[in-house]
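Structural overview for review
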Amino acid sequence: MRGTRRSRWIIVMCRAACVLLASLASACSPSDEASLPPTPTSPTLPTPPVNSGRLQMSGRGLAQNGTPVPGALVEVDYQSAGGVSSPPSVCPGVAQFCWLATRTNDLGEYSVEFAPRPWPGRGLGYVYSFRDGYEVDVQWVPTSSSPAVRDMRLRPTRSIPAGASIVVSVDATSSLCTDLEDLYVMDSRCEIVVIESGAGMLNVEARPAAGGPAPSIYWFTSGNYAGLITRLAPGAVAIPARGGTYRVLVAVPEGESRQFNVTTTLR
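Now for a quick tour of the structure. Quick caveat, the model's predicted, so the values are computed rather than measured. (Residues numbered from 1 in each chain as written. Predicted model: local features only at pLDDT ≥ 70, side-chain atom pairs only at ≥ 80, totals over all residues. Heavy atoms only, no water.)

1. Considering the overall build of the protein chain
Check the secondary structure of the protein chain and you find one helix and 19 strands. The buried share of the protein chain, taken over its 267 residues, is 43%. Once local pairs closer than 6 in sequence are excluded, the contacts in the protein chain between residues at least 24 apart make up 70%. Surface exposure of the protein chain reaches about 12300 Å², of which carbon and sulfur atoms provide 53%. (Helix = DSSP H or I, 4+ residues; strand = E, 2+ residues; numbered from the N terminus. Buried < 20%, exposed > 50% of the residue type's maximum accessible area, 1.4 Å probe, protein only. Contact = heavy atoms within 4.5 Å. Areas by Shrake-Rupley, 256 points an atom, 1.4 Å probe, with all protein chains shown as cover.)

Quick look at the structure:
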């Protein structure tokens, strides 16, 4: 994931830093409002204890069946309390915002060490993992004492064609709701539905499998959108598509576990 993809991650992280400063200054303004998801509010999280030392964090990147995923990117975004990290961090000089990156070994294992400080609305930071052929998994940096363990669960990318349906389950192991670009709904958990669609109006609806309220629906900021995305009803959106791959997130508040039938139509 180097070269152009790594450059894109650097851009993404710088934009994430801008999101952090948005309450202080109008430093970030989306260039394409027609394709942007609604602006989320920052989650209310308990302030973690000040970490008096360095945090050693390790874990594994695992597929859904529990097998290790070697060569997966593992990146940590955090506010630095100072000192050096392993591997070395990149710190653009914005509000002590830093990130570090490594990859899982042949056994799917990774290990990092850094000194975080409490980050308003973000705990001690978040860690995400990705590899080609899998969807991104985003989780909180543990606030437990060092050494800490954070395993990452990578779901293979399995797209459905427009007009098909799929059942998704959202629970405590699901990813935090973010596209690591402009969408950060970090008080919710999400499952990603990947849709291959032609040109037209792509309608997506998520219905609870066992009753209860409809989930929230979000969408990736980047996409081959033809206009403004609209919400038809709770749990339903209409996406003007030019054609391509579209990622929709089915979300529930942190702490809930629910299953949904997701249907799609193209008109």
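This is not the end of the story, as more comes after the structure.
2. Considerations on the pairing of strand 2 (residues 73-80)
The side chains of a regular strand alternate, residue by residue, between the two faces of the sheet. For strand 2, the tally of buried residues reaches eight of eight residues, placing the bulk of the element in the interior. Taken together, the seven bridges between strand 2 and strand 3 (residues 97-103) define a ladder with antiparallel strand orientation. Bridging across to strand 3, Leu 73 finds its partner in Arg 103. One ladder, built from five bridges, connects strand 2 with strand 6 (residues 126-130); its direction is antiparallel. When the sheet's bridge partners are listed, Leu 73 is paired in strand 6 with Phe 130. As paired elements, strand 2 and strand 5 (residues 116-117) share two bridges and run antiparallel to each other. Along strand 5, the bridge assignment pairs Ser 80 with Pro 116. (Pairing = 2+ DSSP bridges.)

3. Focus: the pairing of strand 13 (residues 184-197)
The buried count for strand 13 comes to 11 of 14 residues, which makes it a mostly enclosed element. With two bridges connecting them, strand 10 (residues 160-161) and strand 13 associate as parallel partners. Note that in strand 13 the partner of Pro 161 across the bridge is Glu 196. The pairing of strand 12 (residues 175-178) with strand 13 spans four bridges and is classified as antiparallel.

4. Brief notes about the state of the cysteines
The final tally for this structure, using the stated rule, is two disulfides. One disulfide bridge connects Cys 177 with Cys 190, the sulfur atoms lying 1.8 Å from each other. In this structure the cystine formed by Cys 177 and Cys 190 twists about its S-S bond by roughly 100 degrees; its chirality is therefore right-handed. Here Cys 190 lies in strand 13 and Cys 177 lies in strand 12, a separation of 13 residues in the sequence. For Cys 190, a relative accessible area of 3% puts it in the buried group. Bonded cysteines in the protein chain are paired 1-2, 3-4 when counted in the order they occur along the chain. (Disulfide = S-S within 2.5 Å.)

5. Some words on the sheet that holds strand 17 (residues 236-241)
Spatial strand order, 11-19-14-17-16: five strands in an open sheet with antiparallel pairing. If you trace the sheet from one side to the other, it starts and ends with strand 11 (165-170) and strand 16 (230-233), each paired once. On average, each strand axis in the sheet is tilted by 25 degrees relative to the strand beside it, whichever way the strands run. Both strand 14 (residues 200-208) and strand 19 (residues 258-266) contribute to a ladder of seven bridges, which runs antiparallel. Bridging from a neighbouring strand, Glu 205 pairs with Thr 263 of strand 19. (Axes fitted to C-alpha atoms, helices over the stretch in contact; angles between N-to-C directions.)

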